[in-house]
Amino acid sequence: MALSLAVSPCPNDTFVFHALVHGLIPGAPEVNLTFADVDVTNTAAERGEFDLVKVSYAALPWLLDDYELLPTGGALGRGCGPLVLTREPGVDLTGKTVAVPGDRTTAYLLFRLWSADRAPGRIEVVPFHQIMPGVAEGKYDAGLVIHEARFTYQRHGLHALADLGEWWEADTGLPIPLGAILAKRGVVDPAQATEWIRNSVSMAWANPDASREFILANAQEMEPEVVQQHIDLYVNEFTLELGRDGLAAADALLQRSAAAGLTPAVKPFI
């Protein structure tokens, strides 16, 4: 029986899951793939729509009754955090309007923790591709961006007011937990799914050219060099295996957010 999988069309996800969705992993079932931005998958997972799904770590408190966190395939790392962008350097965000890519994204949760003592006046959830142009045009005072925007925001004449990954790492010493892979309880065997995805990651690293056409076809008009930078940054040791540091990072994020009253409390992973 085919399994439903939802991930983003971003290069890290298409790189990681290419072998699995193309039937190249021995013993793995057929996979029906859906591409969606993470803000969409966060909501879809809450409705139980997919068997395997990529979501924000920030959304886990609403999902762990029905899904199990897998220790592979996700997005964690160092030097890869969300950026707060403005037209002018050194802007005070107090009372300002900030565009964010989703209200249950890790990026927005980190922003709320970081900005607790300088809260903006208005938050607008905006499709990711509209954030940088909107800030550049003055529609928003600041924008919270992720992924490839790290490599392209200067083209819009914007300044990085804050790197929330640097802030997080300096404060915790841990990698930043961005995207998690979940398996639906009672539908997907988590050990088997972990093996399939881990093998897909290993196959991608062993033969990166095999997935290139698939990645570029779904990369939303990114240049090849930006695509490669994206993969190099977001597909790393934690993609293959979360390990103790990865689980500790997830715990730190969710325990801090629960203590601040931003998310429901969850049982620690370690």
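Cut-offs and rules
- Residues numbered from 1 in each chain as written.
- Predicted model: local features only at pLDDT ≥ 70, side-chain atom pairs only at ≥ 80, totals over all residues.
- Heavy atoms only, no water.
- Phe/Tyr/Trp six-rings, centres within 6.5 Å; stacked < 30°, edge-to-face > 60°.
- Helix = DSSP H or I, 4+ residues; strand = E, 2+ residues; numbered from the N terminus.
- Buried < 20%, exposed > 50% of the residue type's maximum accessible area, 1.4 Å probe, protein only.
- Lys NZ or Arg CZ within 6 Å of the ring centre and 35° of its normal.
- UniProt positions renumbered as here; feature names shortened; annotations may be inferred.
- Contact = heavy atoms within 4.5 Å.
- Axes fitted to C-alpha atoms, helices over the stretch in contact; angles between N-to-C directions.
- Parallel < 35°, antiparallel > 145°, perpendicular 65-115°, else oblique.
- Left-handed = near helix turned anticlockwise from the far one by under 90°.
- Nonpolar A, V, L, I, M, F, W, Y, C, P; charged D, E, K, R; others polar.
- Pairing = 2+ DSSP bridges.

It is worth spelling out the packing of aromatic side chains at this point. Tallied over the entire structure, the rule returns three aromatic pairs. Aromatic pair F35 and F214: ring centres 6.2 Å apart, planes at 35°, arrangement tilted. Pair noted here: F35 is in strand β2 (residues 31–35) and F214 is in helix α8 (residues 212–217), with a separation of 179 residues, a long-range link. Using a relative accessible area of 30% as the deciding quantity, one classes F35 as partly exposed. Ring pairing ties together the aromatic residues Y108, F111 and W114, which thus form one cluster. A cation sits over an aromatic face here: R104 above W62, 3.8 Å from the ring centre. Cation over ring: R118 sits above W114, and NZ or CZ is 4.0 Å from the ring centre.

Below, the discussion takes up the UniProt feature "binding site: substrate" (unreviewed entry) in the chain. UniProt records the feature "binding site: substrate" (unreviewed entry) at K54, V55, S56, T106 and A107, using the numbering of this structure. With respect to the helices and strands, the residue S56 is situated in strand β3 (residues 52–56). Leaving out residues up to four positions away in the same chain, S56 has contacts with V38, N42, R104, T105, T106 and L178. With respect to the secondary-structure elements, T106 resides in helix α3 (residues 106–114).

This paragraph deals with helix α1 (residues 11–21). Along α1, 11 of the 11 residues are buried, which leaves the element largely enclosed by surrounding structure. Within the sequence span of α1, burial applies to P11, N12, D13, T14, F15, V16, F17, H18, A19, L20 and V21. One or two positions beyond α1, positive phi appears at G23, with a value near 70°.

Attention now goes to the packing of α3 against helix α11 (residues 243–259). How two helices pack is summed up by the angle between their axes together with the distance between the axes. α11 packs onto α3 with a crossing angle of 55° between their chain directions and a minimal axis gap of 11 Å. With respect to α11, the axis of α3 lies oblique. Where α3 crosses over α11, the two elements pack in a sense that is left-handed. Here T106, L109, L110 and L113 of α3 lie close against α11, whose contacting residues are L253, R256 and S257. The class makeup of the residues in the contact of α3 with α11 is four nonpolar, two polar and one charged.

Once that is clear, we can look at the UniProt feature "active site" (unreviewed entry) in the chain. In the UniProt entry, the feature "active site" (unreviewed entry) is given for H147. On the secondary structure map, H147 appears in the loop between β9 (142–145) and α5 (149–152). When near neighbours in sequence (up to four residues on either side) are disregarded, H147 contacts C10, H230 and Y234.

Further remarks concern the sheet that holds β9. With mixed pairing, five strands are arranged side by side in an open sheet as β8-β7-β9-β6-β10. Here the strands that pair on one side only, and so sit at the sheet edges, are β8 (122–125) and β10 (159–163). For this sheet the average axis-to-axis angle between neighbouring strands, irrespective of direction, equals 25°. Bridge count between strand β7 (residues 97–100) and β8: four bridges; the pairing is parallel. When the sheet's bridge partners are listed, V98 is paired in β8 with I123. Across the sheet, α3 lies against β6 (83–86), β7, β8, β9 and β10, angled at about 130° from β9, the strand it touches most. Packed on one face of the sheet, helix α6 (residues 164–172) meets β6, β9 and β10 and runs near 25° to β10.

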